[in-house]
Amino acid sequence: MKLNIALLAGDGIGPEVIDQAVKVSDAVAAKFGHEITWKPALTGAAAIDAVGEPYPDETHEICASSDAVLFGAIGHPKFDNDPTAKVRPEQGLLKMRKKLGLFANVRPTFVFPSLLDKSPLKKERIEGTDLVFFRELTSGVYFGEKGRKDDGNTAYDTNMYTKEEVTRLAKKGFEAAMQRSKKLCCVDKANVMETSRLWRETVQGMEKDYPEVEVSYEFVDAVAMRLVQWPKDYDVLITENLFGDVLTDEASVISGSMGLMPSASLGTSISLFEPIHGSYPQATGKNIANPMATVLSAAMMFENFGLAEEGKVIREAVNKALAEGIVTEDLAEGGKAYGTTEVGDWLAKNI
Ligand code: IPM
Ligand code: MN
């Protein structure tokens, strides 16, 4: 297969972890006879510094004309500490999601048998956890009308959803549930919020199209609690943008390291793949960042092209590295800590 992949390394450790995913993907391509053309483009603080805009038109053109996007991380502390900053790297991310139509953010949480002791949660509670969030990504309070009034003393953000937006996201969730254990949980706050009542009513209306799927409806506060108490109770979860943002960070601790979980953002045409962690500015340039989440995001990318075997060899190489202690310092715990590039080299060699 010939693949054109837009490569958005972004900020902080982004370029370092992206390099490892490229190395591993190239090894996979060589093994299976694919041809990948990488198309690097600017985003985030790096793009603001270069052209004054976190998601330049040129970057959009490259993304929109590629088969997929592989994304590193964005964010830089110089913007976080400057309340007067007019452009922020994060705006680039939101603009990119909207312009590429990436409405479904797929965030899996699973555990690695060799790392069960690394989780802050008890081993017997998390063993066998394998769940996936479908977070709505291009609407809700992130994109609703916002502003200030009363001389700046009152602020508002509007949460708004259309039935169509809920339906297309829920459809992805139902389809995933059909491929998995046929269990779907709709996470909302329907006892309080009108948008949540629309979500619930929409999903209820879709149940008849998926008679085999057992659907539950739970309030977001209860899910926040049960997720860390009994993560194994969940399989596919669907939810709105903000709830999904919060719950997926919470879920990420189950696996033991922020540096392990990949994600995909699916849209109407192209899809984007990225690690769930951020730009980790303190580690920039030190060759210590864990590249596994980005490498696993590349595995999701291959799988999304229908190349299941290619995804599997990447997952197997990662499992083997973890089991053999070929890990960066976040997972080394007193043992030998390998550098980002060494882990990437090892993975590529073991494809
Ligand atoms: C995420 C991030 C973003 C979000 C930020 C950086 C805008 O936290 O991808 O989860 O809130 O969606
Ligand atoms: Mn987040």
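Residues numbered from 1 in each chain as written. Chains lettered and ligands numbered in written order. Predicted model: local features only at pLDDT ≥ 70, side-chain atom pairs only at ≥ 80, totals over all residues.

Per an unreviewed UniProt entry, the recorded name for the chain is 3-isopropylmalate dehydrogenase, and the organism is Neotamlana sedimentorum. If you open the UniProt record of the chain and go to Function (unreviewed entry), you find "Catalyzes the oxidation of 3-carboxy-2-hydroxy-4-methylpentanoate (3-isopropylmalate) to 3-carboxy-4-methyl-2-oxopentanoate. The product decarboxylates to 4-methyl-2 oxopentanoate." For the record of the chain, the UniProt heading Pathway (unreviewed entry) holds the text "Amino-acid biosynthesis; L-leucine biosynthesis; L-leucine from 3-methyl-2-oxobutanoate: step 3/4." (UniProt positions renumbered as here; feature names shortened; annotations may be inferred.)

**Some points on the overall build of the chain**
Along the chain, the regular secondary structure elements total 14 helices and 12 strands. Over its C-alpha trace the chain gives a radius of gyration of 20 Å, about what one expects of a compact globule, namely 20 Å for 351 residues. If you line up the chain on its principal axes, its C-alpha atoms span 50 × 50 × 40 Å. Looking at the chain as a whole, 45% of its 351 residues qualify as buried. Counting only contacts in the chain whose residues sit at least 6 apart along the sequence, the fraction spanning at least 24 positions is 75%. (Helix = DSSP H or I, 4+ residues; strand = E, 2+ residues; numbered from the N terminus. Rg over C-alpha atoms; globule rule 2.2 N^0.38 Å. Buried ≥ 20, exposed ≤ 12 C-beta atoms within 10 Å, placed from the backbone. Contact = placed C-beta atoms within 7 Å.)

**Focus: unusual backbone geometry**
Of note in this structure, Tyr280 is not a glycine but carries a positive phi near 40 degrees. Tracing the backbone through its elements, the reader meets Tyr280 in the loop between strand 12 (271-275) and helix 11 (292-304). We classify Tyr280 as buried; it has 22 C-beta atoms within 10 Å.

**Digging into the UniProt feature "site: Important for catalysis" (unreviewed entry) in the chain**
Mapped onto this numbering, the UniProt entry annotates "site: Important for catalysis" (unreviewed entry) at Tyr142 and Lys189. Along the chain, the position of Tyr142 falls in the loop between strand 5 (130-136) and strand 6 (146-149). Setting aside its immediate chain neighbours within four residues, Tyr142 contacts Leu94, Asn241 and Leu242. On the secondary structure map, Lys189 appears in the loop between strand 8 (183-188) and helix 8 (194-206). Beyond its immediate sequence surroundings of up to four residues, Lys189 is in contact with Ser196, Phe219 and Val220.

**Overview of helix 10 (residues 241-252)**
Taking 1.5 Å of rise per residue, the 12 residues of helix 10 would be expected to cover 16 Å, and the 17 Å separating its terminal C-alpha atoms lies within 8% of that figure. Residues of helix 10 that are buried include every one of Asn241, Phe243, Gly244, Leu247, Thr248, Ala251 and Ser252, and no others. Down the axis of helix 10, the sector holding all buried residues measures 150 degrees, keeping them to one side. (Expected span 1.5 Å × (residues − 1). Arc of directions from axis to C-beta.)

**Things to note about the nonpolar core**
With 94 residues, the main nonpolar core has Leu70, Val295 and Ala298 as its most contacted residues. Here this core gets 9 residues from one element, more than from any other, and that element is helix 11. Viewed by domain, this core spans two of them, domain 1 (1-106 + 259-351) and domain 2 (120-255), each represented by three or more residues. Not counting residues up to four positions away in its chain, the partners in contact with Val295 are Gln20, Ala21, Val24, Ile314, Val318 and Leu347. (Core = buried A, V, L, I, M, F, W, Y, C linked by C-beta atoms within 7 Å. Domains from an automatic or database assignment.)

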